[in-house]
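Residue strings, one per chain:
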Amino acid sequence: MKNLNGKKILLIICGGIAAYKSLEIIRLLKKNGSVVKTILTKNAKNFVTPLSVASLSQEKVYTDLFNSDSEAEMDHISLSRWADLILVAPATANTISKISYGLSDDLASTVIFASDKKVFIAPAMNVRMWEHQLNKNNLKKLYETDYEIIGPDSGEMACGEYGMGKMSEPNTIIDYLNNYFKKLESNNQLKALVTAGPTHENIDAVRFITNKSSGKQGYEIARSLKDNGFNTTLISGPTNLESIKGVNIIRVKSADEMLEATLNNLPADVAVFSAAVADFKVKNIKKEKIKKNKISELYLEKNTDILKHISNHNSLRPKLVIGFAAETSCLKNNSKKKLSEKNCDWIIGNDISQKDIGFNSDYNKVSIFYKNNFEEEIPKMKKSKLANEIVNRIVSRLN
Ligand code: CTP
């Protein structure tokens with residue numbers, strides 16, 4: 001498992017009987033060349049001792065949120081910045097619940113809350129707790145907030161009951177982490193470009209033509225590409241969305257500017273055109289405000305179709321070109337038409353007539369139409385999750 005070599009893992013051990021398996025996790029991580037720092041919750045100390053953890057990890061073990069010695073040496077912020085990833089194993093129902101509510105009343109929960117790294121959660125609890133609706137709700141929140149859940153397994157429990165809730169085996173957890181780093185390392189040679197948001201086509205000093213678009217889906221795709229190790233450039237029309245750390249963002253206004261920025265940032269291995277580009281621009285933009293009785297003097301001309309232009313570009317066409325189709329009717333036919341007319345590899349069809357999804361919503365539901373005639377429907381889910389689904393498919397295709 002060479003991808004774990006040299007990686008800095010912050011292991012958080014919570015108070016559950018499965019904590020004894022965490023010692024094996026530390027042993028395996030060390031064997032594979034990782035550096036492991038550990039946080040023990042108050043209850044974890046009832047199951048494993050700081051001394052055994054320190055001996056195995058050969059690192060200091062952290063337990064308290066406010067400790068004059070360790071705060072000076074490494075506070076809860078720098079501890080989470082130090083790590084390449086955070087693993088919570090075992091994650092008890094209590095800790096899962098605390099994370100889902102953003103509580104931070106001890107070192108473990110504060111580090112997780114303050115973290116800018118991927119957090120992996122390996123739940124371990126009694127089967128009734130695992131199946132409890134409140135636990136399911138908490139896990140759903142974690143999943144939608146982009147925490148990665150490993151397991152649990154089904155089997156006989158320490159309490160004598162049988163069912164789901166056993167923490168995944170240390171080997172499975174280690175494999176999972178190794179695959180995460182492997183994916184990052186194989187993708188970090190790859191370059192991705194995403195267009196997002198609307199464009200503004202000026203009419204005069206105060207008016208412009210635009211399309212409805214929050215830009216959320218494109219931003220989430222850029223975020224997910226970056227999280228998966230891609231060197232990512234996001235070319236964004238005017239939106240209210242914040243920049244994404246680690247993504248090279250280029251803000252533009254008009255379709256012409258978006259086209260120019262796109263050309264300047266190619267070649268790339270994959271390009272995702274999610275922008276709602278205005279189809280027309282004004283030929284005779286006026287510097288001053290046009291009086292409304294003079295509005296008949298407005299002449300429109302077509303904007304360049306950026307997606308089509310790049311798809312047909314001899315030298316700059318990325319290996320994988322993905323477009324979107326925002327449709328109010330005949331999703332399949334219109335998407336397939338765009339797929340062939342725009343010469344792209346995939347079209348992600350978005351039925352914008354449906355309520356609660358698409359524009360401005362955090363949720364979306366799409367169908368993907370592939371060049372080889374294959375198509376698949378992806379159920380309604382958060383835009384962040386949908387972005388991960390799309391990026392997983394991009395990763396499989398490019399690798
Ligand atoms: N697109 C683009 N440049 C344009 C227009 C569209 O890059 N000038 C891209 C969009 O980013 C999207 C795809 O083309 O990936 C389809 O956009 P859409 O607005 O659904 O379709 P249009 O081509 O504008 O066709 P219509 O408005 O007739 O549905």
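## Digging into the sheet that holds strand β19 (residues 363-370)
Two orientations exist for strands paired in a sheet by backbone hydrogen bonds: parallel and antiparallel. Strand order in the open sheet made by the eight strands is β13-β12-β9-β14-β17-β18-β19-β20, with mixed pairing throughout. Edge positions in the sheet fall to β13 (248-251) and β20 (375-382), since each has one partner strand and no second. Across the sheet, the mean angle separating the axes of adjacent strands is 15° when strand polarity is ignored. Pairing between strand β18 (residues 346-351) and β19: five bridges, direction antiparallel. Looking at the pairing, Asn350 lines up with Val366 of β19.

## Some words on the domain arrangement of the protein chain
According to the domain assignment, the protein chain consists of domain 1 (2-185) and domain 2 (188-398). On a C-alpha basis, the centroid separation for the pair domain 1 and domain 2 is 38 Å. Domain 1 puts seven residues into the contact, and the matching count from domain 2 is 12 residues. Carbon and sulfur atoms supply 36% of the area that domain 1 and domain 2 bury against each other, a total of about 880 Å² over both sides. On the domain 1 side of the interface with domain 2, the three residues burying the most area are Glu144, Lys183 and Leu184, jointly 53% of the side's total.

## Some remarks on the side chain of Ser367
By the element assignment, Ser367 lies in strand β19. Sequence-distant contacts of Ser367, that is, excluding residues within four places in its chain, are made with Leu331, Ile347, Ile348, Gly349, Glu376 and Glu377.

## Some thoughts on helix α1 (residues 19-31)
It helps to recall that an α-helix has 3.6 residues per turn; residues three or four apart then point in one direction. Compared with the 18 Å implied by 1.5 Å per residue over 13 residues, the 19 Å span of α1 between its first and last C-alpha is a close match. Buried within α1 are the following residues: Ala19, Lys21, Ser22, Ile25, Ile26, Leu28 and Leu29. Each buried residue of α1 lies within a common arc of 165° when the element is viewed along its axis, so the set occupies one face. With respect to the buried face of α1, the exposed residues turned more than 90 degrees away are Tyr20 and Lys31. Buried residues along α1 sit against β1 (8-13), β2 (35-40), α2 (50-57), β4 (85-91) and α9 (170-187). Looking at the residues trailing α1, positive phi occurs at Gly33, about 90°.

## What about a nonpolar patch on the surface?
A cluster of nonpolar side chains, contributed by Ile17, Tyr20 and Phe47, occupies part of the molecular surface with about 330 Å² of accessible area. You can see Tyr20 is positioned in helix α1.

## Details of the site of the ligand
With respect to spatial proximity, 14 residues lie near the ligand, and among them Phe273, Ala275, Phe324, Lys338 and Lys342 are the closest. Within the backbone of Ile306, a nitrogen or oxygen atom sits 3.0 Å from a nitrogen atom of the ligand. Surface burial for the ligand is 77%, taken as the share of its 570 Å² of free accessible area covered by protein chains. More than half of the atoms of the ligand fall within 2 Å of the grid points belonging to the second largest pocket. Put simply, the parts of the chain that give the shell around the ligand at least two residues each are α12 (306-311) and β17 (320-327). Of the residues forming the shell around the ligand, the biggest block, four residues, is contributed by β17. Partitioning the shell around the ligand into residue classes produces eight nonpolar, two polar and four charged.

What counts, and where the lines are drawn
Residues numbered from 1 in each chain as written. Predicted model: local features only at pLDDT ≥ 70, side-chain atom pairs only at ≥ 80, totals over all residues. Heavy atoms only, no water. Pairing = 2+ DSSP bridges. Helix = DSSP H or I, 4+ residues; strand = E, 2+ residues; numbered from the N terminus. Axes fitted to C-alpha atoms, helices over the stretch in contact; angles between N-to-C directions. Domains from an automatic or database assignment. Contact = heavy atoms within 4.5 Å. Buried area = accessible area lost by both parts, 1.4 Å probe. Expected span 1.5 Å × (residues − 1). Buried < 20%, exposed > 50% of the residue type's maximum accessible area, 1.4 Å probe, protein only. Arc of directions from axis to C-beta. Patch = residues over 30% accessible without salt bridge, like charges linked within 9 Å, V, L, I, M, F, W, Y side chains within 5 Å. Areas by Shrake-Rupley, 256 points an atom, 1.4 Å probe, with all protein chains shown as cover. Salt bridge = Lys/Arg side-chain N within 4 Å of Asp/Glu carboxyl O. Near = heavy atom within 4 Å. Polar contact = N/O pair within 3.5 Å; in protein donor to acceptor, adjacent residues only side chain to side chain. 1 Å grid on protein atoms, 1.4 Å probe; cavity = no way out; pocket = protein on both sides within 12 Å on 5 of 7 lines; lining within 4 Å. Sits in = over half its atoms within 2 Å of the grid points. Nonpolar A, V, L, I, M, F, W, Y, C, P; charged D, E, K, R; others polar.

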